[in-house]
Structures are given as C-alpha cells and as structure tokens.
Amino acid sequence: MKKGRIHMTKKWHYLFFVFVMTGLLVACSSSDSASETDGDSSNKVELRMLWWGSQDRHDRTLEVIDLYMEENPHVTISAEFTGWDGYWEKMATQAAGGNLPDIVQMDYKYLAEYAGKGLLADLNPYVESDALDLSDVEDTYIDGGIIDDKLYAVNIGANAHAIVVDNAMFEEAGIDPLEPGYTWEELKEKAKELSDNLGDNVYGVHPGAGVMGFKHYLRQHDQWLYSEDGTELGYDDDQLLVDYLQITVDMLKSGAAAPPDVFMTAGTNVEQFPIVNEETAIVMDIHSNQITAIESGAGRPLDLMLQPSLEGGELGHYIKPGQFFSVAESSEQQEEAAKFISFFTNNIEANEILNAERGVPIAGAVREHLKENASDAGRKMFEYVELAQEHSREIDPPDPQGSTEIESLFANEVQDPIYYGEVTPEEAAENFRKKASEILAKD
C-alpha cells in the first residue's frame, strides 16, 4: 500500500512536471507569437497624402482613405488638402524643404517640372511587381503620365476642357441653346442676348481669359504655348493672344460678361461660381469633372458644352488626364503608396464613393460599373467626354519646367488686368512674351 502511494506520488509528480513544461512551451510559443504581432504593429506604415479640390472632393476622398485603412489596418494615411489657390505654392515649399507627402495629386501641366527636378518616383517597378495593378487600363489612359519611358504619375480621371451652361436660363431668355460647332462670335452674341433678357444683375457669361482657354485657342490655330524643347514660347505672332483677350474685353464692354466683382471673389472655388446663384448662364474654362461639384452647389440641373469652335480652324479639344497621383521620390514607403493608388484605381466600392468626381475612371471595369449606375451629373460627364472625344485631336506634350511661373505670370499680368481693364490686349501680349521668354530661357 505504501509502495503504491509512493508509486502514484512519483507518477503525479511526473505528470505535473510534464504539464508545467507543456504550459511553459505554450506560453513561450504564445509569447513569441505576441512578440511577432507586436513587431508588426510597431512597424505600422504611415503615409501622407496631399490633394486639391472642392469640399465635395475632400469629403469623398477622406471616406475612401477610411475604407482603405479599414481594409489595411497596418496603414495610417494622414490627409492634407486645400483648394487650387495656393496648392502649388504649398507643394513648392514642401519640395524645397525635402518634405513632400508620400502621395501627391499632380496636374499634367506641372508633371514635367516635378519629374525633371527628380522629385517624383518612377512607378514602373511597382507595376511590374503588381503592387500597382494597371492590367485593366488602356494605354491611352496611362501614356499621359509617362516621360522618357518612366511612369511618374497615374491618371485618376480623364476629362476634357468644357463650359457649363444653364439651359433653363437660355429657355427663360427665349434663346436657343448652344450646339456643338458654335463659334466665338456666336458665343458673344448669345451671351449679350442672355444679359439683355434675364434682367438686372444677371449676365450671359462668367468669362474666361486664362491660360487654359488660351491654350485651347492656340490649338485651334495649330499652335501651342511652348516650343518643342520648352525653352521659348511656341507661337510667334502675338496677335493670337491679342485676339483671344479681345473676346473677353468685348464681352465685358457690351455687358455680355459679368464684371469682375461678380466672379473674382469666387476664385477657383467652383461651388461659389456665379452660375450657382443664377447670376450667369454660362461659365467658361472648366474641366468636365467639375460638373459634379458645380451642380451639387447649384442644386439644379446644369449641362456641359464644348468650347467655341474657330471657323476654318483646327480642333482645339483633347482628352486630358484630369489629375494624377504621383509618389514622392523622397518617400520611404513608395511600395505602400503605390498599393493605395492601385486601390484608388481599381476598387469598385471606393469608386462608388468617389463617383468619378475627378473625371472618368481609367480602369475598364470601374468605368463600366459607374457609367451604368451614374448620377445625373456623372452621366453628363461620361457623355460629355465621349462628345469631346469626337471633337478632339492628340494631346500636346506636358508643359516644361518653368511652367509654374508662366501660369502665375499669365494669371497676374494678363488675365486679371484684362478683367479689370488695367491693360489693353496689346500691352498684355507684349508684356507676357517678354517675361515668359525670360523665364523659359532661364529654365
């Protein structure tokens, strides 16, 4: 009996020892797993992302960022956003300080400048590794982001140069709506009739004397703003700029166009354009993707129309990458940034949230899905891009380095002074050539 108890005691000691050791092993294993998990959480990815746009764009983009972080809990994306005004000054300041965000919204006219300064990463390696999936994207949507065989930017929405019209105001004024193929002279005539027939403090057109409209006008004359090597202006005859500016001067003088105190306070904030408050029936020089924000602000149906045609001239329209996403060369998380751009491009749920506000999506499956389920504003944009494609020819090369200064020069010393009657078209054209030539020669 005693021997049996001793035997049993030894047996229980042995089992207890095995139990303890097993527990220790399990604990160690759990500890190791926890350690590995802790290691993952301690290596969370943090990205910064910068874009410009309206409040509507900000809200949609923030919702997509939240969706991505929910599906990728190891990633945190800090959002930075602003309106168009001041955006490029902010970018320039960050670039100068070596502090560009990981993901930046890029515009076609600034792409060559930022790529040329070595500020943007080549995304081809991430396409090759499938971190950035462009398998459902046609080359025509990709090509705009390529310079010297390097992919510096991914198109996040195709669009086209346009005007916005309120056809209900045309009907109220007893005037036939604009139709594709109408001329600059017809625009001036109809805008004057609108102003005359719509009552006090309502005008035919919110005018456009900016560089975007001038580029369109130059294309109609088979010219471009820059030479092929980007070291000088691409047109020789200043009369082209004089004639372009004279269109706005004539409409301001006749009362066809709203005076600057009506539209200058809005700046580039489309939600505050005078057409939103029925102060004008036409807005010149917008991009097709902006119809979503403008119509949302107005709370009533508006429509897109082609820019005026030039009698006997070339086609001025082209299909433009609305905006791009680029990754900073200085980013330490380029692959993760590329993965987010891939999500932004291909994810159906994300694009339902975005609702093509930046332009027609580039991924085929996304494009077809949104077109079938588009809102009225979205449908108008899809249909307009298809219309513009019929009236388009090939896009010109990206603007050269120095274009940022050229844009500012045009806005400050051509466009705004023309609106306020501070210079003549001849004076503005001469001054622009002199100063633009100095900028381009320097760069």
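Residues numbered from 1 in each chain as written. Predicted model: local features only at pLDDT ≥ 70, side-chain atom pairs only at ≥ 80, totals over all residues. Heavy atoms only, no water.

### Describing the domain arrangement of the protein chain
Often the size quoted for an interface is simply the accessible area lost on bringing the parts together.
Alright, step 1. We note that the domain assignment places domain 1 (45-157 + 321-389) and domain 2 (160-318 + 396-441) within the protein chain.
Alright, step 2. The distance between the C-alpha centroids of domain 1 and domain 2 comes to 27 Å.
Alright, step 3. Every contact between the two is made by 26 residues of domain 1 and, on the other side, 32 residues of domain 2.
Alright, step 4. Together, the buried faces of domain 1 and domain 2 total about 2300 Å²; carbon and sulfur atoms form 58% of this surface.
Alright, step 5. Counting the contacts that link domain 1 with domain 2 gives 1 salt bridge.
Alright, step 6. Glu-295 serves as the salt-bridge partner of Lys-380, at 2.8 Å between the closest nitrogen and oxygen.
Alright, step 7. For the interface between domain 1 and domain 2, the tally reads 8 residue pairs in polar contact (both at pLDDT 80 or more).
Alright, step 8. When contributions to the side of domain 1 that touches domain 2 are tallied by element, the ones reaching two or more residues are α2 (55-71), α4 (108-116) and α16 (376-390).
Alright, step 9. Of all the elements, α16 adds the most residues to the side of domain 1 that touches domain 2, at 8 residues.
Alright, step 10. Tallied by class, residues from the side of domain 1 that touches domain 2 come to 10 nonpolar, 5 polar and 11 charged. (Domains from an automatic or database assignment. Contact = heavy atoms within 4.5 Å. Buried area = accessible area lost by both parts, 1.4 Å probe. Salt bridge = Lys/Arg side-chain N within 4 Å of Asp/Glu carboxyl O. Polar contact = N/O pair within 3.5 Å; in protein donor to acceptor, adjacent residues only side chain to side chain. Helix = DSSP H or I, 4+ residues; strand = E, 2+ residues; numbered from the N terminus. Nonpolar A, V, L, I, M, F, W, Y, C, P; charged D, E, K, R; others polar.)

### Quick look at helix α3 (residues 87-96)
An α-helix turns once per 3.6 residues; consequently, residues spaced three or four apart project the same way.
Alright, step 1. Every buried residue belonging to α3 is among Tyr-87, Trp-88, Met-91, Gln-94 and Ala-95, and all of these are buried. For α3, the buried positions fall inside an angular range of 120 degrees around the axis, keeping them on one side. For α3, the exposed residues set more than 90 degrees away from the buried face come down to Thr-93 and Ala-96.
Alright, step 2. On its buried side, α3 packs onto β1 (45-52), β2 (75-82), β3 (103-106) and α4.
Alright, step 3. At the C-terminal side of α3, Gly-98 shows a positive phi close to 65 degrees. (Buried < 20%, exposed > 50% of the residue type's maximum accessible area, 1.4 Å probe, protein only. Arc of directions from axis to C-beta.)

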